[in-house]
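Summary of the model geometry
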Number of protein chains: 2
Amino acid sequence: MAGTDKTRDATLGGPVVVLIDPQLGENIGMTARAMLNCGLTELRLVRPRDGWPSEAAQSAASGADQVLERTRLYDTTAEAVADLARVYAASARPRGLVKPMVTPRRAAGEMRAALAGGASVGVLFGPERSGLVNDDLALADTLLAVPLNPAFASLNLAMAVLLVGYEWFQAADDTPGRRLETGGQPPAEKAELVNLFQRLESALDETGFLHPPEKRPGMVRNLRNMIQRMDPTDQDLRTLHGIISALRSGRGKADD
Amino acid sequence: MAGTDKTRDATLGGPVVVLIDPQLGENIGMTARAMLNCGLTELRLVRPRDGWPSEAAQSAASGADQVLERTRLYDTTAEAVADLARVYAASARPRGLVKPMVTPRRAAGEMRAALAGGASVGVLFGPERSGLVNDDLALADTLLAVPLNPAFASLNLAMAVLLVGYEWFQAADDTPGRRLETGGQPPAEKAELVNLFQRLESALDETGFLHPPEKRPGMVRNLRNMIQRMDPTDQDLRTLHGIISALRSGRGKADD
């Protein structure tokens, strides 16, 4: 199956992934899984060595069937990229070709801009052992190389696809870098927190823990700060109240 | 083998990767490969299902032997993290635990800061099918979740490790986002470029291509700009000169 198909819009759903001469069906399946992890669904294969469809691919895809079902076969790289306007080639070894080279992070921004402008985009990946040949690189606008440990830079094929897809996904993701995951529980209001502080401090005053008086203000500040750092929910405050009661009563479950 | 070993400094070489109850040796090997791709070398295993060492791991590691040779076994998660000061747990499902959650990108910056401050750092990954249990999550400071396609978010184990290692590596990498890869060839100096422009334009003047005269300035600007966009090297300019000569002479190889 070759040539362009205008009913399949390559600008939908992100960049097309094109595997040239892939060897192992398992790697094709893992590629499909990694693509779908990142919301990519358009996979093209040029001359898969072990044929297509592939049971090994099906098994390794771990449920990414919608990618495998849409996968298309091509006889040549030129046919596989015929309907694409921007083509990246995953290669760390340009081997004499003078060519722009980008990181996956930079490529992600460029690809989003190109797709937003109506240009279809694809990324070429070469066979497992040898990578893309120069005739394929010459069909690409830009080389794409992942900055990695120079002493051990050879990525598994599906892992290379994952990193491109990952950066693609992150470029439009607005997940905060750090947040408190509470399962829907709101953080406690400060009045409840101060209520706990005062109860704990008066209990500790009774025991003499906050002596001598001149050190009490600093000790109280430290205690309050430790509990603030916990960023407690209402449920956490109830637990802390229970602990205070239990320890005061000397029994496991105490009435307050 | 369990417990701390102060002769193995967990602050060297980045975060420790801890796999809890990993099932497939192949995934352990792919994890080792992905780690070394990102410059990470310290792998710990808690109760690997299929035993250790593992031929499947060795084969899948594709040469990341230095990671497998250093890999240590533990009976419990508590023992595996005993010498660590900051522990992240890869989990998208906190299941009722209130806990800070970070992205891999944010974690990378935090881990670099912690390690620079002398704190040892590790990341826990759960078994392939089920992920980390809450008793393991309770040993961690922070959850680590990769923003991915919510409809298909289940990552292969080694791929999850790769994304954490990838962000770790990128956080200290200064590869420019886009550059021209020339294989050492310098870009042409502008005088050589102008020399080519003038030769091309005079050749085109002879043919009448740049008529009528009032359109010539705009056509010249466009031609010069097209060639500028090619960002040519000296070798490229020689090739372009040769093409002009060849087309003028009407023969494949022309003396100029």
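Residues numbered from 1 in each chain as written. Chains lettered and ligands numbered in written order. Predicted model: local features only at pLDDT ≥ 70, side-chain atom pairs only at ≥ 80, totals over all residues. Heavy atoms only, no water.

Examining the interface of chain A and chain B
Interfaces are often sized by the accessible area lost when the parts come together. Which entries qualify depends on this criterion: In this analysis, two residues are considered to be in contact whenever any of their non-hydrogen atoms come within 4.5 Å of each other. Any Lys or Arg side-chain nitrogen located within 4 Å of an Asp or Glu carboxyl oxygen qualifies as a salt bridge. Here a polar contact means two N or O atoms within 3.5 Å. Within protein one must be a hydrogen donor candidate and the other an acceptor candidate, and residues neighboring in sequence count only if both atoms are side-chain atoms. Runs of H or I in DSSP of at least four residues are treated as helices and runs of E of at least two as strands, each being numbered from the N terminus. Note on residue categories: nonpolar means Ala, Val, Leu, Ile, Met, Phe, Trp, Tyr, Cys or Pro, charged means Asp, Glu, Lys or Arg, and polar means any other residue, Gly included.
At the junction of the two partners, chain A supplies 53 residues and chain B supplies 54 residues. Where chain A packs against chain B, one counts four salt bridges. Joining chain A to chain B, the criterion identifies 26 residue pairs in polar contact (both at pLDDT 80 or more). Secondary structure elements with two or more residues in the side of chain A that touches chain B: helix 1 (25-37), strand 5 (99-102), helix 5 (104-116), helix 7 (157-170) and strand 8 (178-181) of chain A. No other element matches helix 7 of chain A, which puts eight residues into the side of chain A that touches chain B. Each residue belonging to the side of chain A that touches chain B can be placed in one class, and the counts come to 27 nonpolar, 15 polar and eleven charged.

Looking at the sheet that holds strand 7 (residues 142-144) of chain B
What counts, and what does not: A pair of strands is labelled paired if DSSP reports no fewer than 2 bridges between them. Axis definition: a line fitted to C-alpha atoms, limited for helices to the stretch in contact. Angles are taken between N-to-C directions and run from 0 to 180 degrees.
Spatially, eight strands are ordered 8(A)-5(B)-7(B)-4(B)-6(B)-1(B)-2(B)-3(B) in an open sheet, and the strand pairing comes out mixed. Strands with a single pairing partner mark the edges of an open sheet, and in this sheet they are strand 8 of chain A together with strand 3 (72-74) of chain B. Looking at each pair of strands side by side, their axes are set apart by 30 degrees on average, direction ignored. Bridge count for strand 1 (residues 16-20) of chain B against strand 2 (residues 43-46) of chain B is four bridges, and the pairing is parallel.

Side note on helix 7 of chain A
Given 3.6 residues per turn, any residue in an α-helix points the same way as the ones three and four places further on. Residue and element names in this part refer to chain A. Quick reminder of the rule: By definition here, a helix of n residues has an expected span of 1.5 Å times n minus one. Burial here depends on accessible area, computed with a 1.4 Å probe over protein chains only, as a share of the maximum for the residue type. Under 20% is buried, over 50% is exposed, and the range in between is partly exposed.
Taking 1.5 Å per residue, 14 residues should reach 20 Å; helix 7 reaches 20 Å between its end C-alpha atoms and fits that length. In terms of burial, helix 7 is a largely internal element, 14 of the 14 residues being buried. Measuring from the backbone nitrogen of A158 back to the side-chain oxygen at the start of helix 7 gives 2.8 Å, which picks out N156 as the cap.

What about helix 9 (residues 216-229) of chain B?
Residues and elements named next belong to chain B. The line we're drawing: The arc in question is formed by the directions pointing from the helix axis toward the C-beta atoms.
Its 14 residues give helix 9 an end-to-end C-alpha distance of 20 Å, which sits within 8% of 20 Å, the value for a rise of 1.5 Å per residue. Looking at helix 9, one finds that the buried residues are V220, L223 and I227. Across the axial projection of helix 9, the buried residues extend over an arc of 65 degrees, all falling on one side. Counted as exposed and oriented over 90 degrees from the buried face of helix 9: R221, N222 and R229.

Focus on the packing of helix 5 (residues 104-116) of chain B against helix 7 (residues 157-170) of chain B
Geometrically, a packed helix pair is captured by the angle between its two axes and the distance between the axes. All names here are of chain B. Applied cut-off: The labels follow the angle: roughly parallel below 35 degrees, roughly antiparallel above 145, roughly perpendicular from 65 to 115, and oblique for the rest. By convention, the crossing between two helices is left-handed when the near helix turns anticlockwise from the far helix through less than a right angle, and right-handed when the turn is clockwise.
Contact pair helix 5 / helix 7: the axes reach a minimum separation of 8 Å and the direction vectors enclose 60 degrees. Classed by the angle they form, the pair helix 5 and helix 7 counts as oblique. Between helix 5 and helix 7 lies a crossing whose hand is right-handed. Of helix 7, the residues touching helix 5 (which contributes P104, R105, A108, M111, R112 and L115) are L163, V164, E167, W168 and F169. Looking at side-chain class alone, the contact of helix 5 with helix 7 contains eight nonpolar, no polar and three charged residues.

What to know about the sheet that holds strand 5 of chain A
Read across the sheet, eight strands follow the order 3(A)-2(A)-1(A)-6(A)-4(A)-7(A)-5(A)-8(B) without closing on themselves; strand pairing throughout is mixed. Two strands close off the open sheet at either side, each with one partner strand: strand 3 (72-74) of chain A together with strand 8 (178-181) of chain B. Put simply, the sheet's adjacent strands are angled 30 degrees from each other on average, direction ignored. Relative to strand 7 (residues 142-144) of chain A, strand 4 (residues 86-90) of chain A runs parallel, the two being bridged by three bridges.

A short note on the layout of surface pockets
As a reminder, the rule being used: A 1.4 Å probe that fits into a set of points on a 1 Å grid over the protein atoms alone but cannot get out defines a cavity; an open set with protein on both sides within 12 Å along at least five of seven lines defines a pocket, and lining residues are those with an atom within 4 Å of a point. Grid points are joined across faces, edges and corners, and a volume is the space filled by probe spheres set on the points.
As a volume, the largest pocket reaches approximately 1,200 Å³. What lines the largest pocket is a set of 44 residues, among which R33 of chain A together with E128, S154, L155 and N156 of chain B lie closest to the centre. Broken down by secondary-structure element, the contributors of at least two residues to the lining of the largest pocket are helix 1 and helix 2 (55-60) of chain A together with helix 1 (25-37) and helix 7 of chain B. Residues belonging to the lining of the largest pocket are distributed by class as follows: 24 nonpolar, eleven polar and nine charged. Around the second largest pocket, the lining comprises 31 residues; the ones closest to its centre are S91, A92, A153, S154 and L155 of chain A.

Observations regarding the confidence of the model for chain A
Worth spelling out the cut-off: Values of pLDDT, ranging from 0 to 100, describe the predictor's confidence in every residue of the model.
Averaged over all residues, the pLDDT of chain A is 91; the fraction at 70 or higher stands at 93%. pLDDT under 50 marks residues 252-256 of chain A. Its contacts with residues more than four places away, or in other chains, come to six contacts.

Digging into the packing of helix 7 of chain A against helix 7 of chain B
Running from N to C, helix 7 of chain A and helix 7 of chain B cross one another at 60 degrees; their axes reach a closest spacing of 11 Å. Relative to helix 7 of chain B, the element helix 7 of chain A is oriented oblique. Crossing of helix 7 of chain A over helix 7 of chain B shows right-handed handedness. Counted together, A158, M159, L162, L163, Y166 and E167 of chain A of helix 7 of chain A and A158, M159, L162, L163, Y166 and E167 of chain B of helix 7 of chain B form the full contact between these two elements.

Re the packing of aromatic side chains
When we look at a pair of aromatic rings, we describe it by the centre distance and by the angle of the planes. The condition that has to hold: Working definition: a ring pair exists when centres of Phe, Tyr or Trp rings (six-membered ring for Trp) sit within 6.5 Å. Plane angles under 30 degrees give stacked, over 60 give edge-to-face, the rest tilted. We call a charge positioned above a ring when the Lys NZ or Arg CZ atom is no farther than 6 Å from the ring centre and deviates by at most 35 degrees from the ring normal.
As enumerated under the stated definition, the model contains one aromatic pair over all chains in all. Centre to centre, the rings of Y166 of chain A and Y166 of chain B are 6.1 Å apart; their planes meet at 90 degrees, and the pair counts as edge-to-face. Here Y166 of chain B lies in helix 7 and Y166 of chain A lies in helix 7, a pairing that spans two chains. You'll find Y166 of chain A and Y166 of chain B in the same group, each marked buried. Directly above the ring of W168 of chain B sits R112 of chain B, whose terminal nitrogen or CZ lies 3.6 Å from the centroid.

Regarding the side chain of K99 of chain B
Basically, it comes down to this: His is not counted, nor are the chain ends, whereas Lys and Arg count as positive and Asp and Glu as negative.
With respect to the helices and strands, K99 of chain B occurs in strand 5 (residues 99-102). Within the buried set, K99 of chain B has no salt-bridge partner at all; the shortest N-O distance to an opposite charge, 7.0 Å, is to D141 of chain B. A distance of 2.7 Å separates a polar side-chain atom of K99 of chain B from the backbone oxygen of A140 of chain B. In contact with K99 of chain B, not counting residues within four places along its chain, are R179, L180 and E181 of chain A together with L137, A138, A140, D141, T142 and L143 of chain B.

Regarding the relation of the copies chain A and chain B
Counted only if it meets this: Alignment of the copies relies on least squares applied to C-alpha atoms, considering only residues that score at least 70 for pLDDT in both.
At an RMSD of 0.1 Å, chain A and chain B line up after a rotation of 180 degrees and a shift of 0.0 Å along the axis. Such a combination of rotation and displacement between the chain copies is what one expects of a two-fold axis. In terms of proximity to the rotation axis, the leading residue of chain A is M159 of chain A, whose C-alpha is 3.3 Å off the axis. When you check the interface residues of chain A against chain B, 100% turn up at the interface there too, and the contact is symmetric in its surfaces.

Comments concerning unusual backbone geometry
Residue and element names in this part refer to chain A. Residue P53 is reached from W52 by a cis peptide bond, and omega for that bond is 0 degrees. Here P53 is to be found in the loop between strand 2 (43-46) and helix 2. One non-glycine residue, S62, lies in the positive phi region at around 50 degrees. Relative accessible area serves as the criterion here: at 40%, S62 is assigned to the partly exposed category. With a phi angle near 55 degrees, D231 is a residue other than glycine that sits in the positive phi range. The class for D231 is partly exposed, based on a relative accessible area of 34%.

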